[in-house]
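Secondary and tertiary structure notes
For reference, the chains in residue letters:
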Amino acid sequence: MLLLCITGLPLIFHHEIDDLLHSEVKPADVPAGTPNADLDRLLANALATSSLKVPHFLIWDRDDPNAMFVSVGESITSDPTNNRFVRMDSHTGAYLDSPDVTGRFTYIMLRLHVDMFAGLPGKLFLGLMGILFCVAIISGIVVYAPSMRKLDFGAYRGHRPRIVRWLDIHNLAGILLVMWTLVVGFTGVINTWADLVLKMWQYGQLAEMTAQYRDRPPPTKLTSVQAAVDVAVRAVPGMTPSFVAFPGTAFSSKSHYIVFLKGDTPVTSRLLKPALIDAETGKLTDSRDMPWYVTTLFISQPLHFGDYGGLPLRIIWAVLDVLTIIVLGTGIYLWLRRRKAGVSVDRAIAQGSAVDAPQMSS
Amino acid sequence: MLAVRNRRTLGQIFAAPIMVGALSIVGLLAALIGDGWWDAVSWLSLALPVLLYLFFVVRRKSVGPR
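Residues numbered from 1 in each chain as written. Chains lettered and ligands numbered in written order. Predicted model: local features only at pLDDT ≥ 70, side-chain atom pairs only at ≥ 80, totals over all residues. Heavy atoms only, no water.

1. Overview of the overall build of chain A
Of the regular secondary structure elements, chain A holds 13 helices and 8 strands. Oriented by its inertia axes, the alpha-carbon framework of chain A measures out at about 85 × 45 × 35 Å. Within chain A, the fraction of its 362 residues that count as buried is 48%. Residue pairs at least 24 apart in sequence account for 59% of intrachain contacts in chain A once pairs closer than 6 positions are excluded. A total of about 17700 Å² of accessible surface is found on chain A, and carbon and sulfur atoms cover 64% of it. Here chain A holds 32 positive side-chain charges and 31 negative ones, and the gap between their average locations is 10 Å. (Helix = DSSP H or I, 4+ residues; strand = E, 2+ residues; numbered from the N terminus. Buried < 20%, exposed > 50% of the residue type's maximum accessible area, 1.4 Å probe, protein only. Contact = heavy atoms within 4.5 Å. Areas by Shrake-Rupley, 256 points an atom, 1.4 Å probe, with all protein chains shown as cover. Lys, Arg positive; Asp, Glu negative; His and termini not counted. Charge placed at Lys NZ, Arg CZ, Asp CG, Glu CD.)

Shown next as structure tokens:
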């Protein structure tokens, strides 16, 4: 848990850290209202510069409307976690850069935080740790009551031995943060199931929507991406494209482009809606709202990352994370003391309670 | 056993934590619902536990050992 809290801390500011440590090519300055580049041309430019040749995803940058990414892999079946991101200028369609991020500090922190470089088993292991974290929080609430029977809320006995002081800090910070840690802990657990949720959706709703295509061979020549995006935007009014999954990738069927669209409020911008475009005819096949289990995953993401309320919210997130580290640290200390001395924390406190009594009554 | 007279009930023990916890939930959801004022509500209600923590720890430290 300590590892998760510590690696999570820099991830809250991953944009700022990357900006500080690595330079990136800036997209061209354009006046507001400049139309976006044709996506087919942008895609061709991206592939021309890349050693990898098969596009998997086309992704609009959430934070920078002037840039977008093309995620390219070796083949359509290659593992997308090895894909290379090519950054493109969304107005001119020109190549910006394609840095190798795998050596970056933020990337290492991310992998340690998400799966400890162990793939799905690593994720599920950390998910299990997250469940235990939530159980520990709840058991903390249960033992908070007897421990506070004789104390006011917020009691911090600053003049007492370290074990008492740290117990008070553990109790105080723990109970103040309890809702936040439960929410961040549990949404983190849900995020570890993302791969499974995606598979469930593929075999559930997506299979249903593409049932008539099951026995058809994949299209030999793909229609225009730009046209597919246009069809999708027209089919789902009021939403803007977030990313396109190419036919045959982990987020699509073998015969469709899927354009994932987002809304424009903090919640609806997370609730992506897929529009399936037949990659042979360019026509809309279907567009449905995601099932509840995918929606749950989508809502869990911002609640875990804390990236939905501007920089102030992220700073608060970081401070709360530091306090959680303090709760964990004092918790480990109290547990070690209890084991080593064979003396319960309660007794250590009781031994000093005679000294404490006058202050309590004054 | 210790004297029972200054024992607190569960209600007394958990009154403040429940208030703080409820405000945390408000804060977590507010920034999801909207921007602008909603964000401000979220910042204030989530900063509250941090401020309370600092208040209680600093208060007792300034009293110091007797």
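The rest of the description comes next.
2. A look at the interface of chain A and chain B
Each side of the interface is counted separately: chain A has 39 residues, and chain B has 37 residues. For the chain A and chain B pair, buried surface summed over both sides reaches about 3500 Å², with 73% attributable to carbon and sulfur atoms. Its largest share of buried area at the contact with chain B, chain A owes to Arg149(A), Tyr156(A) and Leu176(A), together 20% of the area lost on that side. There are 1 salt bridge connecting chain A and chain B. For Arg8(B), the salt bridge identified is with Asp152(A), shortest N-O distance 2.7 Å. Taken together, chain A and chain B are joined by 6 residue pairs in polar contact (both at pLDDT 80 or more). A per-element tally of the side of chain A that touches chain B places helix 11 (residues 310-341) of chain A first, with 8 residues. Of the residues in the side of chain A that touches chain B, the class split is 31 nonpolar, 5 polar and 3 charged. (Buried area = accessible area lost by both parts, 1.4 Å probe. Salt bridge = Lys/Arg side-chain N within 4 Å of Asp/Glu carboxyl O. Polar contact = N/O pair within 3.5 Å; in protein donor to acceptor, adjacent residues only side chain to side chain. Nonpolar A, V, L, I, M, F, W, Y, C, P; charged D, E, K, R; others polar.)

3. What to know about the sheet that holds strand 1 (residues 54-60) of chain A
Residues and elements named next belong to chain A. The strand order across the open sheet built from 8 strands is 4-3-2-1-5-6-7-8, with neighbouring strands paired in antiparallel fashion. At either end of the open sheet lies a strand with only one pairing partner, and these are strand 4 (95-97) and strand 8 (284-287). For this sheet, the mean inter-axis angle between neighbouring strands, taken without regard to orientation, is 30°. In the sheet, strand 1 pairs with strand 2 (residues 67-73) via 6 bridges, with the strands oriented antiparallel. By the bridge assignment for strand 2, Phe-57 is matched with Ser-71. Running at roughly 50° to strand 6 (residues 256-262), helix 9 (residues 225-235) makes contact with strand 1, strand 5 (240-245), strand 6, strand 7 (273-278) and strand 8 of the sheet. (Pairing = 2+ DSSP bridges. Axes fitted to C-alpha atoms, helices over the stretch in contact; angles between N-to-C directions.)

4. Details of unusual backbone geometry
Residues and elements named next belong to chain A. Within the chain, Met-116 stands out as a residue other than glycine whose phi angle is a positive 50°. Along the polypeptide, Met-116 turns up in the loop between helix 4 (105-114) and helix 5 (119-147). Here Met-116 falls in the partly exposed class, since its relative accessible area comes to 31%. Phi is positive for Phe-117, close to 60°, though the residue is something other than glycine.

5. Description of helix 3 (residues 39-49) of chain A
Every α-helical turn comprises 3.6 residues, leaving residues that sit three or four positions apart pointing alike. All names here are of chain A. Those residues of helix 3 that sit buried are Leu-39, Leu-42, Leu-43, Ala-46 and Leu-47. In an axial view of helix 3, the angular spread of the buried residues amounts to 130°, which keeps them on one side of the axis. For helix 3, the secondary structure elements touched by its buried residues are strand 1, strand 2, strand 3 (84-89) and helix 9. (Arc of directions from axis to C-beta.)

6. Quick word on the confidence of the model for chain B
Looking at chain B, the pLDDT average stands at 85 and 80% of residues meet or exceed 70. Two summary scores accompany this predicted model of the complex, namely pTM at 0.88 and ipTM at 0.87. (pLDDT = per-residue confidence, 0-100.)

7. Quick notes on the environment of Val231(A)
All names here are of chain A. With respect to the helices, strands and loops of the structure, Val-231 is situated in helix 9. A sequence separation of 44 residues divides Val-231 from Ala-275, and the C-alpha atoms of the two residues are 8.9 Å apart. Setting aside anything within four residues of it in sequence, one finds Val-231 in contact with Ile-277, Gly-282 and Leu-284.

8. So, the side chain of His304(A)
All names here are of chain A. Within the secondary structure, His-304 sits in helix 10 (residues 292-305). Judged by its relative accessible area of 18%, His-304 is buried. Within the structure, His-304 has its side chain in polar contact with the backbone nitrogen of Gly-188 (distance 3.3 Å). Among all residues touching His-304, those that are not within four sequence positions of it are His-113, Val-184, Thr-187, Gly-188, Asn-191 and Trp-317.

9. Here's the deal with a nonpolar patch on the surface
Residue and element names in this part refer to chain A. Taken together, the side chains of Leu-120, Leu-124, Leu-128, Ile-131, Leu-132, Val-135, Trp-193 and Leu-196 define a hydrophobic patch exposed on the protein surface, amounting to about 650 Å² of accessible area. Here the element with the most residues in the nonpolar patch is helix 5; it accounts for 6 residues. Inspection of the secondary structure assignment puts Leu-196 in helix 8 (residues 194-209). The class of Leu-196 is partly exposed, set by a relative accessible area of 39%. (Patch = residues over 30% accessible without salt bridge, like charges linked within 9 Å, V, L, I, M, F, W, Y side chains within 5 Å.)

10. Digging into the nonpolar core
Among the nonpolar cores identified, the biggest contains 29 residues, and Trp180(A), Tyr308(A), Trp317(A), Leu28(B), Leu46(B) and Tyr53(B) are the most heavily contacted of them. Listing elements by their share of this core, those giving two or more residues are helix 6 (162-176), helix 7 (178-192) and helix 11 of chain A together with helix 1 (10-33) and helix 2 (37-63) of chain B. Among the elements that line this core, the one with the most residues is helix 11 of chain A, at 7 residues. The contact partners of Tyr308(A), leaving out residues within four places of it in the chain, are Arg270(A), Pro302(A), Leu303(A), Leu313(A), Trp317(A), Leu28(B), Ala31(B), Leu32(B) and Asp39(B). In terms of nonpolar packing, the next biggest core, distinct from the first, is built from 26 residues, Ala228(A), Met239(A), Val259(A) and Ala275(A) among them. (Core = buried A, V, L, I, M, F, W, Y, C linked by side-chain atoms within 4.5 Å.)

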